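# Examination of the molecular architecture
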Amino acid sequence: MGARILCVAEKPSIAKAVANHLGGSVPARNVPGLAWLKNYEFEYSFDPPWGRCNVVMTSVAGHLIKTEFDSRYRSWNSCNPAELFDAGLTKFVEGDNKAIAKNIETQARYCSKLFIWTDCDREGEYIGAEIRDVARKIKPGIEVMRAKFSNIERAHIIQAARRPIPLDEKQANAVAARIELDLRTGSSFTRLQTQSLKPIIDHVQDVGIISYGSCQFPTLGFVVDRYFRVKNFKPETFWSIKVMHKKDGVNVNFHWQRVHLFDRMVVVVLYERCLQTKTAKVTKMQRKPTSKWKPLPLTTVELQKMGSRFLRMDSQRVMKVAEELYQKGWISYPRTETDQFDRGMDLKAIIQRQTQDGTWGPFAQGLLSGSFNQPRSGRNNDQAHPPIHPVNYVTRDRLNDDEKRVYEFVVRRFLACCSEDAKGESTTVEVDYGGEDFHATGLIVLQRNYLDVYPYDKWESSQQLPPFTVGETFLPTEAKVTEGKTTPPGYLTEPELIALMDANGIGTDATMAEHIAKIKERAYVMTRPRGSGGATMDGVTDGDDEALGRGTRGGRGGRGRGRGGRGGATLGVRGRTTGVEELIPTTLGVALMEGYNTIGFETSLSKPFLRKEMELKLKAICAGTATKNDVVQESLEQYRAVFARTNQQMGMLKAAVRRYVLGENG
DNA sequence: GCAAGGTC
């Protein structure tokens, strides 16, 4: 018998899955101190030089080690917040992690090798380094390798076991830099803001701490930006030419190629030319096959957006429900950026498990009987997790309401991914009328395909166009100038905010929902159903405070909440959707963003620029073109400068708070 | 009483 080898995964579910693939059905052994932490012991023949080994497979649960300021800095009055930029840091294990670290130490004592099975992403690399450090303290000479895997399919795991690779120190260093920067900037600005601003608000409003974070502030910035776009919106009048022609009993509406113009005289002149020409001439008549593409494999961000849109849950709720479904083994790991399935993955086996369902079972059976299509591949792969998909079948009566809806969505999305695109035929007629181009389109849906299992997408046949032939001329039944007004955008909704955060690299798939919850908790923003407040209902022009919330701690209070007792399902002005939640900044949220914008724009803490720049620097560490130390020093220099300017110009911030929160002028 | 990132 060869060596003893300790394998450590990032979470218990991976430890269990890997143990079962490598060791057969291995019994779980309890670890003292934590009910859910298990060790799996088995024998396994690795490739040379390791050979046959006694394996102990266990896990951590995310990060193992906490980084904090030295104890002398922890009390808020212990120092000037500026000192936190270079205060000493300590690392320690706390809470449940003590039992986890103890388990690793106990096991490492008898092992000559440590094989790390954390997720193959940046954080996973750092967690791997944490595990290594804990093991090396007990056993300095232990050999350390890591497994490279991106899903827990059997063949893939076995392959990973055969080809261990070294830990990537560079990625771990990038995370170390992030941790240090977030801690120093977050704590220093939070203390500064709270100490300077809280006293002038406190007697009017119950605010807790006034926190700053590299993610929460840009998130708030998006909400406030949109608020001002709505508030400052000036409707503009535009004019357009509408042409209608009745043929074979069908009213065909032709749309102007120019859509609309903002100059009435120009539109009138063009319109008169049309009338002078009298007849319109068909310049193009085209029928062509068209299709509506099936959705991409499901990522976390997409799940959150769809949750807000179709499942009536905010992103945090969706994630909580998805987490529970995952824990119970019904769906795969819900935190993933990957929108492509591995070619080797046995998708049909997953479909098979859904054939027993009364609702979508027949559709799933249809896929197995021949209509299966390989899912589309998106552009993202986090190399750590596959797209979210159902794992096992569960009957509806074993799930609560929210779980039912999320599970059903995940299943339908997966089945849709494995189907064929919807097919149809589009018809386009283009006419020249007085030198202006107009067009009408028609659509016939021929094969619904994936749409049959995926009701979240809509694609319906329009009225069929009567036949036209190129060269044909006709005198339009009606032609007129129409007038309209541009309408303001709505306040930001959660799916829009998530999309903005995603596009700007604010937060990760696992944390975006938390940042949104955080700015609500801090009373920087509040939510309300679209249409329930003055601004959207009455056309945006009402007074300052009508739309702005006056938040108190916990994000409650404030005007505009549940006005008129129409329940959540207020009719929105835009009509299409009811019960869409909008995010409205509170006076405090606006004051903070305005205050920082006054102090300096490019480096404003309210903008995503600084966080984006930091992200690029972290990537540079991973690529080996920068060191952790360079990046930390450079970034701290930047933030120190912002901190100094904020301190100097605290008057600006205070003035913004007085203006918005206290309603004082000037 | 502070952050953001893992995860239970």
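Up top is the structure.
A short tour of the structure in this document, coming up. (Residues numbered from 1 in each chain as written. Chains lettered and ligands numbered in written order. Predicted model: local features only at pLDDT ≥ 70, side-chain atom pairs only at ≥ 80, totals over all residues. Heavy atoms only, no water.)

### A short note on the overall build of chain A
Helix and strand counts for chain A come out as 20 helices and 17 strands. Each principal axis of the C-alpha distribution contributes one length, and for chain A these read about 95 × 70 × 50 Å. Taken over 666 residues, chain A has a buried fraction of 51%. Carbon and sulfur atoms provide 48% of the accessible area of chain A, an area that totals close to 30,000 Å². (Helix = DSSP H or I, 4+ residues; strand = E, 2+ residues; numbered from the N terminus. Buried < 20%, exposed > 50% of the residue type's maximum accessible area, 1.4 Å probe, protein only. Areas by Shrake-Rupley, 256 points an atom, 1.4 Å probe, with all protein chains shown as cover.)

### Some thoughts on the side chain of R178
Mapped onto the elements, R178 comes out in helix 5 (residues 169-202). Other than its neighbours up to four places away in sequence, R178 contacts H63, E123, R611, M614 and L618. (Contact = heavy atoms within 4.5 Å.)

### As for the protein's contact with DNA strand B
As a structural note, the neighbourhood of DNA strand B is formed by 41 residues, with A61, Q327, Y333, T511 and H515 the closest of them. When atoms of DNA strand B within 4 Å of the protein are split into backbone and base, the sugar-phosphate part holds 60%. R191 places a side-chain nitrogen or oxygen 2.8 Å from a base oxygen of DNA strand B. A distance of 3.0 Å separates a phosphate oxygen of DNA strand B from a polar backbone atom of Q216. The set of elements that each furnish at least two residues to the surface near DNA strand B consists of strand 5 (66-69), helix 5, helix 9 (315-327) and helix 14 (512-521). The leading source of residues in the surface near DNA strand B is helix 5, at 9 residues. Residue classes in the surface near DNA strand B are distributed as 12 nonpolar, 16 polar and 13 charged. (Near = heavy atom within 4 Å. Polar contact = N/O pair within 3.5 Å; in protein donor to acceptor, adjacent residues only side chain to side chain. Nonpolar A, V, L, I, M, F, W, Y, C, P; charged D, E, K, R; others polar.)

### Digging into the side chain of S332
The topology assignment puts S332 in the loop between helix 9 and helix 10 (347-353). Note on S332: relative accessible area 8%, which makes it buried. Beyond its immediate sequence surroundings of up to four residues, S332 is in contact with Y326, P387, I388, H389 and V391.

### Re unusual backbone geometry
Note that the residue after P48, namely P49, is joined by a cis bond; omega there is 5°. Turning to its location among the elements, P49 is positioned in the loop between strand 3 (34-45) and strand 4 (52-59). Not every positive phi belongs to a glycine, and D248 is a case in point at roughly 50°. You can see D248 is positioned in the loop between strand 9 (237-247) and strand 10 (250-256). For R312, which is not a glycine, the phi torsion comes out positive at approximately 55°. When you line up the elements, R312 lands in the loop between helix 8 (300-310) and helix 9. Taking relative accessible area as the criterion, R312 reaches 63% and is therefore assigned exposed.

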